[in-house]
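Chains, contacts and geometry: an overview
So you can see what is in the structure, the chains are spelled out below.
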Amino acid sequence: MRIVELGTCAVRWAIERRGAARGVWREREALVVGVRGDGAPGLGEAAPLPGMSADSIEDAARAAEALRARLPVTLGEPQDVFALAAEVAEAPAARFAIEAALLSALAQRGRTSVAQLLAPGPAATLRVAIVVDDEAEARAAIAAGARCLKVKVGDELARVYRI
């Protein structure tokens, strides 16, 4: 597959101060990376947390520009994607965004899923955890069938024990 075009879009949204966002963040920011090749689009996203992540939105923008400078590129299999992403992006979120965009384009072209592209016979379902903030949310999640709860701890151990 030949990737011929790359675009980016910075997005921002307000977040409620609960769960993972209980800390200092009032909004999140991400850089969406889009690629196109042989008629197949692909999207990826970098959303590092300021002060928590090793990288930044600016790192992702630089990595996207480094990839754009190499276009057009030809990719045949997932290992080509991983090698290219490693060359243009050191920062984890930036590398993820580029890998996701390229892998999704490769999967689109092959009319398959990224999961199927990476592993023949991937699991049909994945178990997930539900983030809860208090006892009422925990009860509601369990009543709805949740088998795993995720609680953001911080320094509020008493709240965690109540949950």
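Residues numbered from 1 in each chain as written. Predicted model: local features only at pLDDT ≥ 70, side-chain atom pairs only at ≥ 80, totals over all residues. Heavy atoms only, no water.

This next bit is on the confidence of the model for the protein chain. In the predicted model, the protein chain carries a mean pLDDT of 90, and the fraction of residues at 70 or more is 94%. Of all helices and strands in the protein chain, the one with the weakest mean pLDDT is helix H6 (residues 157-162) (83), whereas helix H2 (residues 78-88) scores best (97). (pLDDT = per-residue confidence, 0-100. Helix = DSSP H or I, 4+ residues; strand = E, 2+ residues; numbered from the N terminus.)

Time to look at the pattern of salt bridges. Scanning the model with the defined rule gives nine salt bridges in all. Between Arg109 and Asp38 there is a salt bridge, with the nearest N and O atoms lying 3.3 Å from each other. One end of the pair, Arg109, is in helix H3 (residues 92-109); the other, Asp38, is in the loop between strand S2 (27-37) and strand S3 (40-46), and 71 residues separate them in sequence. One salt bridge in this structure joins Arg68 and Glu65, with 2.8 Å as the shortest N-O distance. Residue Arg68 and its partner Glu65 are both found in helix H1 (residues 57-70); the two are separated by three residues, about one turn of the helix. Among the residues examined, Arg68 registers a relative accessible area of 30% and is labelled partly exposed. Since its relative accessible area comes to 40%, Glu65 is described here as partly exposed. (Salt bridge = Lys/Arg side-chain N within 4 Å of Asp/Glu carboxyl O. Buried < 20%, exposed > 50% of the residue type's maximum accessible area, 1.4 Å probe, protein only.)

This paragraph deals with the environment of Pro50. Along the chain, Pro50 falls in the loop between S3 and H1. The class of Pro50 is exposed, set by a relative accessible area of 55%. Residues Pro50 and Glu29, 21 residues apart in the sequence, show an inter-C-alpha distance of 9.3 Å.

An order of S3-S2-S1-S4 is seen for the four strands of this open sheet, with the pairing classed as antiparallel. Two strands close off the open sheet at either side, each with one partner strand: S3 and strand S4 (73-74). Bridge count between strand S1 (residues 2-14) and S2: 11 bridges; the pairing is antiparallel. Across the sheet, Ala10 pairs through a bridge with Leu31, a residue of S2. This element, H3, spans S1, S2 and S3 of the sheet and lies at about 160 degrees to S3. (Pairing = 2+ DSSP bridges. Contact = heavy atoms within 4.5 Å. Axes fitted to C-alpha atoms, helices over the stretch in contact; angles between N-to-C directions.)

Ranked by size, the top nonpolar core spans 31 residues in total, and within it Ile3, Ile98 and Leu102 carry the most contacts. When residues of this core are traced back to their parent elements, those giving at least two are S1, S2, S3, H1, H2 and H3. The dominant element in this core, judged by the number of residues it contributes, is H3, at nine residues. With sequence-adjacent residues up to four places away left out, Ile3 is seen in contact with Val35, Arg36, Gly37, Leu71, Pro72, Val73, Leu75, Leu102 and Ala105. (Core = buried A, V, L, I, M, F, W, Y, C linked by side-chain atoms within 4.5 Å.)

Two elements, S1 and S4, share two bridges in a ladder whose sense is antiparallel. Across the sheet, the residue bridging to Arg2 is Thr74, located in S4.

In this section: the packing of H1 against H3. Interhelical geometry of H1 versus H3 gives an angle of 45 degrees and a closest axis separation of 8 Å. In terms of axis orientation, H1 runs oblique to H3. The element H1 and its partner H3 pack so that their crossing is right-handed. Residues Asp59, Ala60, Ala63, Ala64 and Leu67 of H1 form the contact with H3, whose own contacting residues are Ala94, Ile98 and Leu102. Class assignment of the residues belonging to the contact of H1 with H3 gives a composition of seven nonpolar, no polar and one charged. (Parallel < 35°, antiparallel > 145°, perpendicular 65-115°, else oblique. Left-handed = near helix turned anticlockwise from the far one by under 90°. Nonpolar A, V, L, I, M, F, W, Y, C, P; charged D, E, K, R; others polar.)

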